[in-house]
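Descriptive analysis of the structure
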Amino acid sequence: MTNHQTLVSNSVAGAIPIAVSARHCHVSEEDFFHLFGANAQLKVWKELSQPGQFAAEQVITIKGPRGQIDKVRVLGPFRQDTQIEISQTDAIKLGVSPPIRMSGDLENSSPITLIGTHGILHKENGLIIAQAHIHMSETEAASFNVADQDIVKVEITNEVRQIQIMNVVVRVSPNYRLEMHIDTDEANAASITTNQTGKLMKMG
Ligand SMILES: [Zn+2]
């Protein structure tokens, strides 16, 4: 499964395309070379839907006290801090209890061991369950009447299920295109299908 794969191409006006983020790892430059060797290169394997973001050729194994998960995709470009995003189901398998966080908010996140082809790295923090969020441009934010960091809810309806995801963070940047990112647990709970969209609603 690819990360941030867009499952929808056309959408009703106002509807938000849903993309499912499989477990993945953002890496710092330093950690990347530790895991894959000094001569390694962070190469594009697949472009992701958000401009400039890509799935790299490399995968790692992540290991917790109870178990490990192989073939966790490394994403590029390099980040300031290494950050591993998993689902609650993955957390149970690993035997860890990461917090639900926005990307980049790593204080008191969970420790995890990373295994690359060249080295092993024990991170004291960096493991999170990503909080559901919506990427959008400024124009799109204006049309939804929301601003960066707003907390909204999104209703997802299809033939078999209807769920509301609460505490969804709005993230606005000129570099973003309209897309909601949820993890595999949320996608499975909603029986997400292709061409799936969500409806943005205000909290409360
Ligand atoms: Zn995202």
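Presented here is an overview of the structure given in this document. None of the values given here were measured: they were computed from a predicted structure. (Residues numbered from 1 in each chain as written. Predicted model: local features only at pLDDT ≥ 70, side-chain atom pairs only at ≥ 80, totals over all residues. Heavy atoms only, no water.)

1. With respect to the side chain of E155
Among the secondary structure elements, E155 is positioned in strand β12 (residues 151-157). One buried charge, E155, has no salt-bridge partner; the nearest side chain with opposite charge is K199, at 4.7 Å. Here Q162 takes part through its side chain, which lies 3.3 Å from a polar atom of the side chain of E155. With residues near it in sequence (within four places) discarded, E155 still touches Q162, I163, Q164, G198, K199 and M201. (Helix = DSSP H or I, 4+ residues; strand = E, 2+ residues; numbered from the N terminus. Buried < 20%, exposed > 50% of the residue type's maximum accessible area, 1.4 Å probe, protein only. Lys, Arg positive; Asp, Glu negative; His and termini not counted. Salt bridge = Lys/Arg side-chain N within 4 Å of Asp/Glu carboxyl O. Polar contact = N/O pair within 3.5 Å; in protein donor to acceptor, adjacent residues only side chain to side chain. Contact = heavy atoms within 4.5 Å.)

2. Re empty space enclosed by the protein
Inspection of the entire model under this criterion finds 1 cavity of 30 Å³ or more. Approximately 120 Å³ is the volume found for the largest cavity. In terms of lining residues, the largest cavity is bounded by 18 residues, among which S21, E85, A130, I182 and D183 are the most central. Sorting the residues of the lining of the largest cavity by element identifies β14 (179-183) and α4 (184-189) as the ones contributing at least two each. Considering every element that reaches the lining of the largest cavity, the biggest residue donor is β14, with 3 residues. In terms of residue class, the lining of the largest cavity is built from 5 nonpolar, 8 polar and 5 charged. Two domains each provide a minimum of three residues to the lining of the largest cavity, namely domain 1 (5-20 + 132-202) and domain 2 (22-130). (1 Å grid on protein atoms, 1.4 Å probe; cavity = no way out; pocket = protein on both sides within 12 Å on 5 of 7 lines; lining within 4 Å. Points joined across faces, edges and corners; volume = space filled by probe spheres on them. Nonpolar A, V, L, I, M, F, W, Y, C, P; charged D, E, K, R; others polar. Domains from an automatic or database assignment.)

3. Here we look at the environment of S97
With respect to the helices, strands and loops of the structure, S97 is situated in the loop between α2 (88-94) and β8 (100-101). By relative accessible area, which is 68% here, S97 ends up exposed.

4. Regarding the packing of aromatic side chains
Taken as a whole and judged by the stated rule, the model has 4 aromatic pairs. Considering the side-chain rings of F32 and F36, the 5.2 Å spacing of their centres and the 40 degrees angle between planes classify their relative orientation as tilted. Of this pair, F32 and F36 both sit in helix α1 (residues 29-36), 4 residues apart, roughly one helical turn. Geometrically, the ring pair formed by F32 and F78 is edge-to-face, given 5.4 Å between the ring centres and 65 degrees between the ring planes. Taken together, the residues span a long stretch of sequence, with F32 in helix α1 and F78 in the loop between β6 (68-76) and β7 (83-85) at a distance of 46 residues. (Phe/Tyr/Trp six-rings, centres within 6.5 Å; stacked < 30°, edge-to-face > 60°.)

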